[in-house]
Amino acid sequence: MYPKTKFELQEIFIKKILFFFIFLNFFFPKISILNIPGFSQGLRLENIICFFLLVTLIVGKRISLTANDYGNLKPYIVFFIIFFFSTYIGWLNGLEIKLVFIFRVVEYLVFAFLIFKSQIKIKNIEIFVKYFYLACLLGIILQYFDLMGTFSSTGLTQLSAGKYTAFVSGSWELAFMISISYFIILTTFKKNNFQIIFYLILTLLILYFSANRTIIISFLISLMTYFVFKSKAINTKLIVYLFLVILPFVSIFILNENELQSLDEYNYKRIINPHAVIENILNIEFNYVFQTIKEFLLFGNVPSIEDTSQQYTSLNYRLMHWNHARDNFLMNGFTFIFGSGAEFIYYDSLIFRILFTTGVLGSLIFIIYMIKIPLYLVIFFFLSGLTIDFIASYKLTVTVILLHFVIINKKKYANRY
């Protein structure tokens, strides 16, 4: 065997650095290294490494953008352009824009660029995911016995009763990341039924301890969709099937809306134990949720906290948060078409962030890209996106990019054979 050249050794070293960087993003808790004046959150270790890693590789001329890279990164580049232009529209209309969000989107673009350039092996990502499951279980055990708090973005804080977070900063982050991790399992272990079932049990267990109702429901529905339609993207046949399934619900909730109970005459259900996850899910009044969101979207009406059942206070606080963004979205024709830009860092809803931030035009572009991905993921992102804004969370977006990388590489491998 001939000794490796200096160039080959550098290539190996670079790939190991990129591998470590991806590992760091996936597992390392949110701990601020440098504080930023005026912000509750500071620069974290992964942010600093991301910046210096990219600069080092570019200056050393060891990394470049090829046509193949552009094909993989095209969605991220388009999203950045949309967000940037919408932010400009919001600024022209005198709105207070959070420019830090633009830097966050750039950071996502950099991470996507680095992971596709690293060409990390799928086998290594499988190892990532398995260790992540182990870390989640270990973190939940430590929190269950009050041996560890929560690694929030502002520091180590006390754990909220009944909602476990492991080594991430929130129960919703834990639920979302473990769901995406299982989708990675489904993508990589399609023919291994034992591992699929084993990790499904672990996923359901971790979701239970996270106590996040929205993501639990989203995961279960998207999982059923996966086993019915597998990994197919949306096509004419699927649209017909979905139409036949959804039509009865549309008839009930829209065409016969006069038979629905209005919010004024609604009899609220009081949940004795707000942390009883299964009981909370089984007692969700979808009529109440539907009527509340409809009133908000059409008229900007938000029920007062005093008139809101304890089970829906989280939704009510979100509505108050969204109402301000809705008003600015409807400010004029330009904000309606192009959006009003990122007025907040957190929107608590992927759906409303896209609509209010990027406008009708940006939303249509997002929809066009969404129909190109597997149907079960479309359903998961849509349902979880009603109350979860994963674009605002660095770890959640990194996990989604990792899933995208796995799907792309699995398709390339399948096309070869």
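Since this is a predicted model, take the numbers as computed values, not measurements. (Residues numbered from 1 in each chain as written. Predicted model: local features only at pLDDT ≥ 70, side-chain atom pairs only at ≥ 80, totals over all residues. Heavy atoms only, no water.)

Caption draft 1: Representation of a nonpolar patch on the surface. There is a patch of nonpolar side chains on the surface, built from Leu330, Phe336, Ile337, Val360, Leu361, Leu364, Ile367 and Ile371 and spanning about 660 Å² of accessible area. Broken down by secondary-structure element, the contributors of at least two residues to the nonpolar patch are α13 (333–338) and α14 (350–370). No other element matches α14, which puts four residues into the nonpolar patch. When you line up the elements, isoleucine 337 lands in helix α13. (Patch = residues over 30% accessible without salt bridge, like charges linked within 9 Å, V, L, I, M, F, W, Y side chains within 5 Å. Areas by Shrake-Rupley, 256 points an atom, 1.4 Å probe, with all protein chains shown as cover. Salt bridge = Lys/Arg side-chain N within 4 Å of Asp/Glu carboxyl O. Helix = DSSP H or I, 4+ residues; strand = E, 2+ residues; numbered from the N terminus.)

Caption draft 2: Up close: α14. The terminal C-alpha atoms of α14, which comprises 21 residues, lie only 13 Å apart, well short of the 30 Å expected from a rise of 1.5 Å per residue. Of all the bends found along α14, the most pronounced is centred on glycine 359 and spans about 125°. If you check which residues of α14 are buried, you get Leu350, Phe352, Arg353, Ile354, Phe356, Thr357, Thr358, Gly359, Gly362, Ser363, Phe366 and Tyr369. Sitting at the amino-terminal end of α14 is serine 349, which places a side-chain oxygen 3.4 Å from the backbone nitrogen of isoleucine 351. (Expected span 1.5 Å × (residues − 1). Bend = angle between axes of the 7 residues up to and from the residue. Buried < 20%, exposed > 50% of the residue type's maximum accessible area, 1.4 Å probe, protein only. Polar contact = N/O pair within 3.5 Å; in protein donor to acceptor, adjacent residues only side chain to side chain.)

Caption draft 3: Expanded view of the pattern of salt bridges. Throughout the structure, instances matching the rule amount to four salt bridges. Between glutamate 107 and arginine 104 there is a salt bridge; the shortest N-O distance is 3.4 Å. Taken together, the positions of glutamate 107 and arginine 104, both in helix α4 (residues 100–118) and three residues apart, correspond to about one turn of that helix. Arginine 104 shares its class with glutamate 107; the two are buried.

Caption draft 4: Quick peek at the packing of helix α5 (residues 122–144) against helix α7 (residues 193–210). Two elements in contact, α5 and α7, have axes separated by 11 Å at closest approach and are oriented at 35°. Taken as a pair, α5 and α7 cross one another with a handedness that is left-handed. Contacts between α5 and α7 pair Lys130, Tyr133, Cys136, Leu137 and Ile140 from the former with Gln195, Tyr199, Leu202, Thr203, Leu205, Ile206 and Phe209 from the latter. (Axes fitted to C-alpha atoms, helices over the stretch in contact; angles between N-to-C directions. Left-handed = near helix turned anticlockwise from the far one by under 90°. Contact = heavy atoms within 4.5 Å.)

Caption draft 5: Up close: the packing of helix α6 (residues 171–188) against α7. It is the contact of α6 with α7, at a shortest axis distance of 9 Å, that shows an interaxial angle of 170°. Comparing the axis directions of α6 and α7 gives the class roughly antiparallel. Here Ser171, Leu174, Ala175, Ile178, Ser179, Tyr182, Ile185 and Leu186 of α6 lie close against α7, whose contacting residues are Gln195, Ile196, Tyr199, Leu200, Thr203, Ile206, Leu207 and Ser210. Taken together, the residues of the contact of α6 with α7 sort by class into 11 nonpolar, five polar and no charged. (Parallel < 35°, antiparallel > 145°, perpendicular 65-115°, else oblique. Nonpolar A, V, L, I, M, F, W, Y, C, P; charged D, E, K, R; others polar.)

Caption draft 6: Representation of unusual backbone geometry in the model. For alanine 166, which is not glycine, the phi dihedral falls at a positive 55°. On the secondary structure map, alanine 166 appears in the loop between β4 (155–157) and α6. The residue aspartate 348 is not glycine, and still its phi comes out positive at about 60°. Structurally, aspartate 348 can be placed in the loop between α13 and α14.

Caption draft 7: Spotlight on α6. Look at α6: 26 Å from first C-alpha to last across 18 residues, which is about the 26 Å you get at 1.5 Å a residue. For α6, the tally of buried residues reaches 17 of 18 residues, placing the bulk of the element in the interior.

Caption draft 8: Expanded view of the environment of leucine 297. Here leucine 297 shows up in helix α11 (residues 286–299). Judged by its relative accessible area of 38%, leucine 297 is partly exposed. For the pair leucine 297 and asparagine 323, spaced 26 residues apart in sequence, the C-alpha separation works out to 8.7 Å. Once residues within four sequence positions are removed from consideration, leucine 297 is found in contact with Arg326 and Phe352.

Caption draft 9: Broad picture of the nonpolar core. Counting 74 residues, the largest nonpolar core has Ile125, Tyr133, Phe176, Tyr182 and Phe183 as its most contacted members. When sequence neighbours within four positions are dropped, the list of residues in contact with phenylalanine 176 reads Ile215, Phe380, Phe381, Ser384, Ile388, Phe390, Leu396 and Val400. Membership of the second largest hydrophobic core comes to 10 residues, among which are Phe296, Leu315, Trp322 and Ala325. (Core = buried A, V, L, I, M, F, W, Y, C linked by side-chain atoms within 4.5 Å.)

Caption draft 10: Broad picture of the packing of aromatic side chains. Considering all chains together, one arrives at 30 aromatic pairs under this definition. For the pair tyrosine 226 and phenylalanine 227, a centre-to-centre distance of 5.3 Å together with 80° between the ring planes defines the contact as edge-to-face. The class of tyrosine 226 is buried, set by a relative accessible area of 6%. Summarising the aromatic geometry, the rings of phenylalanine 329 and phenylalanine 356 are spaced 5.4 Å apart at their centres and angled 50° between planes, so their arrangement reads as tilted. With a gap of 27 residues between them, phenylalanine 329 in helix α12 (residues 313–329) and phenylalanine 356 in helix α14 connect regions that are remote in the sequence. Phenylalanine 356 shares its class with phenylalanine 329; the two are buried. Among the aromatic residues, those joined into a cluster by ring pairs are Phe176, Tyr182, Phe183, Phe219, Tyr226, Phe227, Tyr376, Phe380, Phe381 and Phe390. (Phe/Tyr/Trp six-rings, centres within 6.5 Å; stacked < 30°, edge-to-face > 60°.)

Nothing here speaks to function; it is all geometry.
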